[in-house]
Amino acid sequence: MGKGTGLGLSMVYGIIKQHNGSINVYSEVGKGTTFKIYLPLAQTKREAISRPIETLPGGKGETIIVAEDEQQVREGMVALLQENGYKIIEAEDGEDAVRKFRESRGTVSLVLLDVIMPVKNGREAYEEIKGMEPGIRTIFMSGYTDDIIAKKGILEEGFDFISKPIHPDTLMRKIREVLNR
C-alpha cells in the first residue's frame, strides 16, 4: 500500500518515444542524476491547432468496468465515461475487477483493464473474467507501449490496446469501436 507499480520512468519513456524523441541519462555517485529529454520541433501551423471540437462518440447506457490502480487516472476516466452516457463500475486492481464482474455478471458490456496493477494484473484478471464470459469485450491500457508489452509476453497481438496517457477522443472512439463489433 502507498507504493506505485514502478511505471513512472517507463511511462515517460513511452510518451517521449511516441513523439519521436529521446532521453539521455547522466548519473554520478554523490552528485545525482540528470535526465535530458529531446523532442522534435513541432511543424504545425497555428490554424491546425485550433481545429473545431468534434462530438465524441457517446455511450448508450452500456456498463463498463474500469480497472485502474492509479486513483486520479481512474477518476478522470470514470468522469469522462459517465458524462458521455456510460454506466461505470470502478475497480482499483485486477482482483477487484474480477469480483465486481462476478457481482454484475450479465450486465457488463466491456472491461477496461490496466495491464500492470497490484494484486492481479490486467491479463490475469482478463483470463478469469473470460472464464465466466468467454466473449467479453476488453480493452487493455498501459503506460508501456504495445511493443514493450508484447515483448514482455503480457499481451499477445490482436488484443485491443491503448497507450497511456490516453486522449479522451482516443478512449471514446476505441470504446465505441469495440462495443460496435
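Residues numbered from 1 in each chain as written. Predicted model: local features only at pLDDT ≥ 70, side-chain atom pairs only at ≥ 80, totals over all residues. Heavy atoms only, no water.

A. Geometry of the sheet that holds strand 4 (residues 87–91). In spatial order, the strands read 4-3-5-6-7; together these 5 strands make up an open sheet with parallel pairing. Looking at strand neighbours, the two that pair on one side only are strand 4 and strand 7 (160–163), the edges of this open sheet. Across this sheet, the average inter-strand angle for adjacent strands is 20°, counted without regard to direction. Sheet analysis places strand 3 (residues 63–67) next to strand 4, joined by 5 bridges and oriented parallel. Considered in strand 4, the bridge of Val-66 is made with Glu-90. Against the sheet, helix 4 (residues 94–103) makes contact with strand 3, strand 4 and strand 5 (108–114), and its axis sits at roughly 135° relative to strand 4, the strand it touches most. Along the sheet, helix 5 (residues 122–132) contacts strand 5 and strand 6 (137–142); its crossing angle with strand 5, the most-contacted strand, is approximately 155°. (Pairing = 2+ DSSP bridges. Helix = DSSP H or I, 4+ residues; strand = E, 2+ residues; numbered from the N terminus. Axes fitted to C-alpha atoms, helices over the stretch in contact; angles between N-to-C directions. Contact = heavy atoms within 4.5 Å.)

B. Broad picture of helix 5. Among the residues of helix 5, Gly-122, Arg-123, Ala-125, Tyr-126, Ile-129 and Met-132 are the ones counted as buried. Its side-chain oxygen at 2.9 Å from the backbone nitrogen of Arg-123, Asn-121 defines the N-terminal cap of helix 5. (Buried < 20%, exposed > 50% of the residue type's maximum accessible area, 1.4 Å probe, protein only. Polar contact = N/O pair within 3.5 Å; in protein donor to acceptor, adjacent residues only side chain to side chain.)

C. Main features of the pairing of strand 2 (residues 32–38). Relative to strand 2, strand 1 (residues 22–28) runs antiparallel, the two being bridged by 7 bridges. Residue Glu-28 lies in a different strand from strand 2, and its bridge partner there is Gly-32.

D. Highlighting the pattern of salt bridges. Per the stated rule, a full pass over the model turns up 15 salt bridges. The residue Arg-176 makes a salt bridge to Glu-62 at a minimum N-O spacing of 2.7 Å. Taken together, the residues span a long stretch of sequence, with Arg-176 in helix 7 (residues 168–179) and Glu-62 in the loop between helix 2 (46–49) and strand 3 at a distance of 114 residues. Relative accessible area serves as the criterion here: at 10%, Arg-176 is assigned to the buried category. Between Asp-160 and Lys-174 there is a salt bridge whose closest N-O contact spans 3.2 Å. Residue Asp-160 is located in strand 7, and its partner Lys-174 is located in helix 7; the two are separated by 14 residues in the primary sequence. Neither residue differs from the other here; Asp-160 and Lys-174 are each classed as buried. Salt bridges sharing common partners tie together Asp-160, Lys-174, Glu-177 and Arg-181. (Salt bridge = Lys/Arg side-chain N within 4 Å of Asp/Glu carboxyl O.)

E. Quick peek at the nonpolar core. Counting residues in hydrophobic clusters, the biggest one holds 20 residues, and the most contacted among them are Ile-65, Phe-101, Val-108, Val-111, Leu-113 and Ile-129. Leu-81, Leu-112, Ile-166 and Ile-175 belong to the second largest nonpolar core, which has 19 residues in total. (Core = buried A, V, L, I, M, F, W, Y, C linked by side-chain atoms within 4.5 Å.)

F. Looking closely at the packing of helix 4 against helix 5. Interhelical geometry of helix 4 versus helix 5 gives an angle of 15° and a closest axis separation of 9 Å. Classified by the angle their axes make, helix 4 and helix 5 are roughly parallel. Where helix 4 crosses over helix 5, the handedness of that crossing is right-handed. Contact residues: helix 4 offers Gly-94, Ala-97, Val-98, Phe-101 and Arg-102, while helix 5 offers Ala-125, Glu-128, Ile-129 and Met-132. Across the contact of helix 4 with helix 5, the residue classes tally to 6 nonpolar, 1 polar and 2 charged. (Parallel < 35°, antiparallel > 145°, perpendicular 65-115°, else oblique. Left-handed = near helix turned anticlockwise from the far one by under 90°. Nonpolar A, V, L, I, M, F, W, Y, C, P; charged D, E, K, R; others polar.)

All quantities given are derived from atomic positions and should not be read as evidence of function.
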